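Architecture at a glance
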Amino acid sequence: MHTRRVRKGALRGLNMTSVIEQHMVAGVHYTGTFPDGEVFDSSEGRDALYFLVGHRQMIPGFEEEIMGAAVGEKREFTLTPDRAYGEHDEGAIQVVPRDQFPPEMPLEVGVSMAAQTDKGPLPFTITAVDEENVTVDFNHQMAGKTLRFSVEVVEVRDATPEELAHGHVHGPGGHHH
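The structure contained in this document is the topic of the report that follows. Here the structure is a predicted model, which is why all the values come from computation and not from measurement.

**Looking at the layout of surface pockets**
By volume, the largest pocket is sized at about 210 Å³. Around the largest pocket, the lining residues are Tyr30, Phe40, Asp41, Leu49, Gln57, Met58, Ile59, Phe62, Tyr85, Met142, Leu147 and Phe149. Elements with a minimum of two residues in the lining of the largest pocket: strand 2 (39-42) and strand 9 (147-158).

The following block contains the structure:
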């Protein structure tokens, strides 16, 4: 057995704890279900999901529930709407004159689109169409829903200075420039 001396300070900046904390990169496998057991999303059969913790890439309750988790740890939790996508807001439903849409645009109930605003695209779903009006819902499709998650942490690492500056994960499992 060989041992090696490490200079004082040589390990500074390395995460030796390997648990999820703010400003770290976390890789997880997950399955999201509604309380009745219906699966709404899963990484099963796909690559793990990687995100920069504390940078609003995940719903708030998800991050809160996996803080402090270590690689290999599995957690199950339930998020009420206030910790997920918020309550359904009736004020976010609007009736828009049909002539505000391009004539060639197919307007069908259930179709998701985005309105272009000065702050970027604002997604909505068409909920009703008649001769004169189109009813649109700007709520997130998961608003008002209770969500259950089963999560396994597969990787935890320090974020690079570039990832922190850009606000997202780079490299395998993340964004590539």
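**Remarks on the sheet that holds strand 5 (residues 93-97)**
Reading across the sheet, the four strands line up as 5-8-7-6 and stay open at both edges, with antiparallel pairing between neighbours. Looking at which strands have only one partner, the edges of the open sheet turn out to be strand 5 and strand 6 (112-117). Averaged over all pairs of adjacent strands, the angle between strand axes in this sheet comes to 45 degrees, irrespective of strand direction. As paired strands, strand 5 and strand 8 (residues 133-137) are joined by five bridges and run antiparallel to one another.

**Concerning the pairing of strand 6**
Both strand 6 and strand 7 (residues 120-129) contribute to a ladder of six bridges, which runs antiparallel. Note that in strand 7 the partner of threonine 117 across the bridge is glycine 120. Where strand 6 folds back onto strand 7 in an antiparallel hairpin, the turn is made up of two residues.

**A look at the environment of valine 153**
Within the secondary structure layout, valine 153 lies in strand 9. Once the C-alpha coordinates of valine 153 and histidine 29 are considered, the two residues, 124 residues apart in sequence, prove to be 6.6 Å apart. Residues within four places of valine 153 in sequence aside, it is in contact with Ile20, Gly27, Val28, Ala69, Ala70, Val71, Gly72 and Glu73.

**Concerning unusual backbone geometry**
One non-glycine residue, histidine 23, lies in positive phi territory at about 65 degrees. Relative to the helices and strands, histidine 23 is located in the segment before strand 1 (24-33). A relative accessible area of 41% places histidine 23 in the partly exposed class. One non-glycine residue, arginine 56, adopts positive backbone phi at about 60 degrees. Within the secondary structure, arginine 56 sits in the loop between strand 3 (49-52) and helix 1 (60-66). Assessed through its relative accessible area of 80%, arginine 56 is described here as exposed.

**A few points about the environment of leucine 147**
Relative to the helices and strands, leucine 147 resides in strand 9. A relative accessible area of 0% places leucine 147 in the buried class. Apart from the residues lying within four places of it in its own chain, the contact partners of leucine 147 are Thr33, Phe34, Phe40, Ile59, Phe77, Thr78, Leu79, Ala84, Tyr85 and Met142.

**A few points about the pattern of salt bridges**
Opposite charge on two side chains allows them to pair when their charged atoms are near. Applying the stated criterion across every chain yields a total of six salt bridges. Residues arginine 46 and aspartate 41 are paired through a salt bridge, measuring 3.7 Å at the closest nitrogen-oxygen approach. A salt bridge links glutamate 65 to arginine 83, with the shortest nitrogen-to-oxygen separation between them at 3.0 Å. In this pair, glutamate 65 is assigned in helix 1 and arginine 83 in the loop between strand 4 (74-79) and strand 5, connecting sequence segments 18 residues apart. The structure contains a network of salt bridges with shared partners spanning Glu64, Glu65 and Arg83.

**Thoughts on the packing of aromatic side chains**
Under the defined criterion, the tally for this structure stands at eight aromatic pairs. A ring pair is formed by phenylalanine 62 and phenylalanine 149, whose centres lie 5.1 Å apart and whose planes are at 85 degrees; its orientation type is edge-to-face. Of the two residues, phenylalanine 62 is situated in helix 1 and phenylalanine 149 in strand 9; the sequence distance between them amounts to 87 residues. The buried category is assigned to phenylalanine 62, whose relative accessible area is 2%.

About the criteria used
Residues numbered from 1 in each chain as written. Predicted model: local features only at pLDDT ≥ 70, side-chain atom pairs only at ≥ 80, totals over all residues. Heavy atoms only, no water. 1 Å grid on protein atoms, 1.4 Å probe; cavity = no way out; pocket = protein on both sides within 12 Å on 5 of 7 lines; lining within 4 Å. Points joined across faces, edges and corners; volume = space filled by probe spheres on them. Helix = DSSP H or I, 4+ residues; strand = E, 2+ residues; numbered from the N terminus. Pairing = 2+ DSSP bridges. Axes fitted to C-alpha atoms, helices over the stretch in contact; angles between N-to-C directions. Contact = heavy atoms within 4.5 Å. Buried < 20%, exposed > 50% of the residue type's maximum accessible area, 1.4 Å probe, protein only. Salt bridge = Lys/Arg side-chain N within 4 Å of Asp/Glu carboxyl O. Phe/Tyr/Trp six-rings, centres within 6.5 Å; stacked < 30°, edge-to-face > 60°.

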